[in-house]
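Working through the structure, step by step
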Amino acid sequence: MENYRLNHLRELESESIYVIREVAAQFERPVMLFSGGKDSIVMVHLARKAFAPAKLPFPLLHIDTGHNFQETLDYRDDLVKKIGAQLIVGSVQESIDQGRAVEEKGYNASRNVLQTVTLLDTIEKHKFDVAMGGARRDEEKARAKERFFSHRDEFGQWDPKNQRPELWNIFNGRKNMGEHFRVFPISNWTEMDVWQYILLEQIEMPSIYYTHQREVFCRDGNWLAVAPFMKLKDSEKVELKTVRCRTIGDITCTGLTLSTANSLEEIIDEIAATRVTERGSRWDDKRSDAAMEDRKKEGYF
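In what follows, the accompanying structure is described. (Residues numbered from 1 in each chain as written. Predicted model: local features only at pLDDT ≥ 70, side-chain atom pairs only at ≥ 80, totals over all residues. Heavy atoms only, no water.)

**Digging into helix α5 (residues 115–126)**
Short version of the rule: Under the scheme used here, helices are H or I runs from DSSP no shorter than 4 residues and strands are E runs no shorter than 2 residues, and both carry numbers assigned from the N terminus. What a helix is expected to span follows from its residue count: subtract one and scale by 1.5 Å. Each residue is placed in one exposure class: buried if its accessible area under a 1.4 Å probe, protein chains only, is under 20% of its type's maximum, exposed if it is over 50%, and partly exposed if it falls in between.
With 12 residues, α5 ought to run about 16 Å at 1.5 Å a step, and its terminal C-alpha atoms sit 16 Å apart, in line with that. Within α5, burial applies to Gln115, Thr116, Thr118, Leu119, Leu120, Thr122 and Ile123. Downstream of α5 by a residue or two, Lys127 has a phi angle that is positive, lying close to 60°.

**Details of helix α2 (residues 38–51)**
Inclusion rule: Residue contacts are defined here by distance: any two heavy atoms, one from each residue, within 4.5 Å place the two residues in contact.
The end-to-end C-alpha separation of α2 is 20 Å, in line with the 20 Å expected for 14 residues at 1.5 Å each. Burial in α2 covers these residues: Lys38, Asp39, Ser40, Ile41, Val42, Met43, Val44, His45, Leu46, Ala47, Ala50 and Phe51. Those residues of α2 that are buried are in contact with α1 (3–26), β1 (30–33), β2 (60–64), α3 (70–83), β4 (130–132) and α6 (191–201).

**Things to note about the packing of aromatic side chains**
The line we're drawing: A pair of Phe, Tyr and Trp rings is counted when the ring centres sit within 6.5 Å of each other, with Trp represented by its six-membered ring. The angle between the planes then sorts it: under 30 degrees is stacked, over 60 is edge-to-face, the rest tilted. A ring is scored as having a charge over it whenever the NZ atom of a lysine or the CZ atom of an arginine sits within 6 Å of its centre and within 35 degrees of its normal.
Applying the stated criterion across every chain, the model contains 4 aromatic pairs. Ring centres of Phe27 and Phe181 lie 5.6 Å apart, and the angle between their planes is 55°; this geometry places the pair in the tilted category. You can see Phe27 sitting in the loop between α1 and β1 and its partner Phe181 sitting in strand β6 (residues 180–183), a full 154 residues away along the chain. Given the relative accessible area of 6%, Phe27 is considered buried. Seen from the ring of Tyr107, Lys231 lies directly overhead, with NZ or CZ sitting 4.9 Å from the centre.

**A few points about the pattern of salt bridges**
Basically, it comes down to this: Throughout this description, the term salt bridge denotes a Lys or Arg side-chain nitrogen within 4 Å of a carboxyl oxygen of Asp or Glu.
If you walk through the whole model with that rule in mind, you get 15 salt bridges. Where Arg10 meets Glu201, a salt bridge forms, and the shortest distance between an N and an O atom there is 2.9 Å. Here Arg10 is found in helix α1, whereas its partner Glu201 is found in helix α6, with 191 residues between them in sequence. Between Asp138 and Arg136 there is a salt bridge, and its shortest N-O distance comes to 2.9 Å. Here Asp138 falls in the partly exposed class, since its relative accessible area comes to 38%. Here the salt bridges do not stand alone but share partners, grouping Arg10, Glu13, Lys49 and Glu201 into one network.

**Observations concerning the packing of α1 against α2**
Rules: Think of each axis as a best-fit line through the C-alpha atoms, taken over the contacting stretch in the case of a helix, with angles from 0 to 180 degrees between the N-to-C directions. Our angle categories are set so that under 35 degrees counts as roughly parallel, over 145 as roughly antiparallel, 65 to 115 as roughly perpendicular, and the remainder as oblique.
At their nearest, the axes of α1 and α2 sit 9 Å apart, and the two run at 70° to each other. Relative to α2, α1 is oriented roughly perpendicular. Facing α1, whose interface residues are Arg10, Glu13, Ser16, Ile17, Ile20, Arg21 and Ala24, α2 presents Met43, Leu46, Ala47, Lys49, Ala50 and Phe51.

**Overview of the packing of α1 against α6**
Using the following cut-off: All amino acids are sorted into three groups, where Ala, Val, Leu, Ile, Met, Phe, Trp, Tyr, Cys and Pro are nonpolar, Asp, Glu, Lys and Arg are charged, and the leftover types, Gly among them, are polar.
α6 packs onto α1 with a crossing angle of 100° between their chain directions and a minimal axis gap of 10 Å. Taken together, the axes of α1 and α6 lie roughly perpendicular to each other. Residue-level inspection shows Arg5, Leu6, His8, Leu9, Arg10, Leu12 and Glu13 of α1 in contact with α6, the latter providing Met192, Asp193, Gln196, Tyr197, Leu200 and Glu201. For the contact of α1 with α6, a count of residues per class yields 6 nonpolar, 2 polar and 5 charged.

Note that every value here comes from positions in space, so none of it alone points to a role or purpose.
Structure representation (structure tokens):
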């Protein structure tokens, strides 16, 4: 890897580790959100570097929709066991059973939006005062408005007009009773940075990121995975395709990419050549032009 690129990745690594350590220093009950996606995997890797040789000084939190890819869940459980981390799982199904969330109906039904209720309830239950997430500013226009330290009010809501300035890497974590923060240590990374860092550090990834054969169907130009809870229209047919995930949510909102990339080098080459944004295949982002920002204001990470 060229020296300038290596230096760039090490600078990003250093910045992210600094932010993670600031979180540990400024807050009493931090937690790191973990989805099993590449960004959260890189965050855990950075956190381990930040506190080595000690174990992580905070738990990992996974909000389980009940509609996750099994490969993601298997990777999560293996990683937690390997590094000796504490894992907390918030269940969307429990939120539905308790009447805290209402299951969507119809062909486009998804539990992705329901994660917000489960996340806020889990934060309140465990009295977390900060949750670190793997969002990056290059992902989506609403993400670009984020600070590293993102203030949330007593209802868990985000107001983009009420955020603190961040000058010279000075982060303000002061809050009132009931308020909390979301912190995004890899804000300044791009998708290419993430994959090149994964290659540099030889980080093990879930198999779903590499090419594999899967039963899928096409909806409005997006390839979606077949699952018992996915309701197909009469015009939609199941096909066996060679695909991989570029970004991972739950099955209902994750678009699959037709791909033959079977190594980190091939994934990087594929990303360099594509003209489709990373979230271009995310079905949940297509609900409206402001879908992401609306969810963030309600408390989505």
